[in-house]
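Next come the chains, spelled out residue by residue.
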Amino acid sequence: AVEELRGSRDELEQSLGREVRSFAFPFGSHDRTSLSLVQYAGYDSACTLKRWANSRTGNPLRLGRLSVGGPLTSRMLVLKLAKMYVMPSRA
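Please read these numbers as outputs of a predicted model, since none were measured by experiment.

**Some thoughts on the overall build of the protein chain**
Then, number 1: Within the protein chain, the secondary structure is distributed over three helices and two strands.
Then, number 2: Each helix (α) and strand (β) of the protein chain, taken in turn from the N terminus, gives the series α-β-α-β-α.
Then, number 3: By the burial criterion, 22% of the 91 residues in the protein chain qualify as buried.
Then, number 4: Pairs at least 24 residues apart make up 29% of the contacts formed inside the protein chain by residues separated by at least 6 positions.
Then, number 5: As presented, the protein chain carries roughly 7400 Å² of accessible surface, and 54% of it is formed by carbon and sulfur atoms.

**A few points about the packing of helix 1 (residues 2-16) against helix 2 (residues 32-40)**
Then, number 1: At a closest axis distance of 9 Å, the pairing of helix 1 and helix 2 adopts a crossing angle of 50°. Taken together, the axis directions place helix 1 and helix 2 in an arrangement best described as oblique. Two packed elements cross with a definite hand, and for helix 1 against helix 2 that hand is right-handed. Within the contact between the two elements, helix 1 uses Val2, Leu5 and Arg6 and helix 2 uses Leu37, Val38 and Tyr40.
Then, number 2: Of the residues that constitute the contact of helix 1 with helix 2, the class distribution is five nonpolar, no polar and one charged.

**Let's talk about the environment of Ala24**
Then, number 1: The residue Ala24 is located in strand 1 (residues 22-24) in this model.
Then, number 2: Residues Ala24 and Val38, 14 residues apart in the sequence, show an inter-C-alpha distance of 9.8 Å.
Then, number 3: Sequence-distant contacts of Ala24, that is, excluding residues within four places in its chain, are made with Cys47 and Arg65.

**Re the packing of aromatic side chains**
Both the distance between ring centres and the angle between the ring planes are used here to describe each pair of aromatic rings.
Then, number 1: By the definition in use, this model includes two aromatic pairs.
Then, number 2: Taken together, a centroid distance of 5.3 Å and an interplanar angle of 85° make the contact between Phe23 and Phe25 edge-to-face. For the pair formed by Phe23 and Phe25, the shared burial category is buried.
Then, number 3: One aromatic cluster in this structure is built from Phe23, Phe25 and Tyr43.
Then, number 4: The ring of Tyr43 has Arg9 sitting right over it, with the charged end atom 4.7 Å from the ring centre.

**Details of helix 2**
Then, number 1: Of all the positions in helix 2, only Ser34, Leu35 and Val38 are classed as buried. Down the axis of helix 2, the smallest arc covering the buried residues is 105°, so these residues share one side. Among the exposed residues of helix 2, those oriented more than 90 degrees off its buried face are Arg32, Thr33, Gln39 and Tyr40.
Then, number 2: In the core, the buried residues of helix 2 are packed alongside helix 1, strand 1 and strand 2 (45-47).

Quick notes on the rules
- Residues numbered from 1 in each chain as written.
- Predicted model: local features only at pLDDT ≥ 70, side-chain atom pairs only at ≥ 80, totals over all residues.
- Heavy atoms only, no water.
- Helix = DSSP H or I, 4+ residues; strand = E, 2+ residues; numbered from the N terminus.
- Buried < 20%, exposed > 50% of the residue type's maximum accessible area, 1.4 Å probe, protein only.
- Contact = heavy atoms within 4.5 Å.
- Areas by Shrake-Rupley, 256 points an atom, 1.4 Å probe, with all protein chains shown as cover.
- Axes fitted to C-alpha atoms, helices over the stretch in contact; angles between N-to-C directions.
- Parallel < 35°, antiparallel > 145°, perpendicular 65-115°, else oblique.
- Left-handed = near helix turned anticlockwise from the far one by under 90°.
- Nonpolar A, V, L, I, M, F, W, Y, C, P; charged D, E, K, R; others polar.
- Phe/Tyr/Trp six-rings, centres within 6.5 Å; stacked < 30°, edge-to-face > 60°.
- Lys NZ or Arg CZ within 6 Å of the ring centre and 35° of its normal.
- Arc of directions from axis to C-beta.

In structure tokens form, the structure reads like this:
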């Protein structure tokens, strides 16, 4: 699995001409083992299909992302983003 993770990244880097540091889990599916493998393969971050807001203290290998498929006006995008926003805590 690590060989496949590294090999696909190497192919992308050669095609794009730039470093690839983030991974997207196929269909967002992940578990502890896949998280460990992605980290071991050298990725800095990874996206899931979970709908949660990300924070600076969250796990960069379990980033949530917002689905924006289908027809979407700028107003609809703003409303979607507002639902994902989490007020930063004041320390």
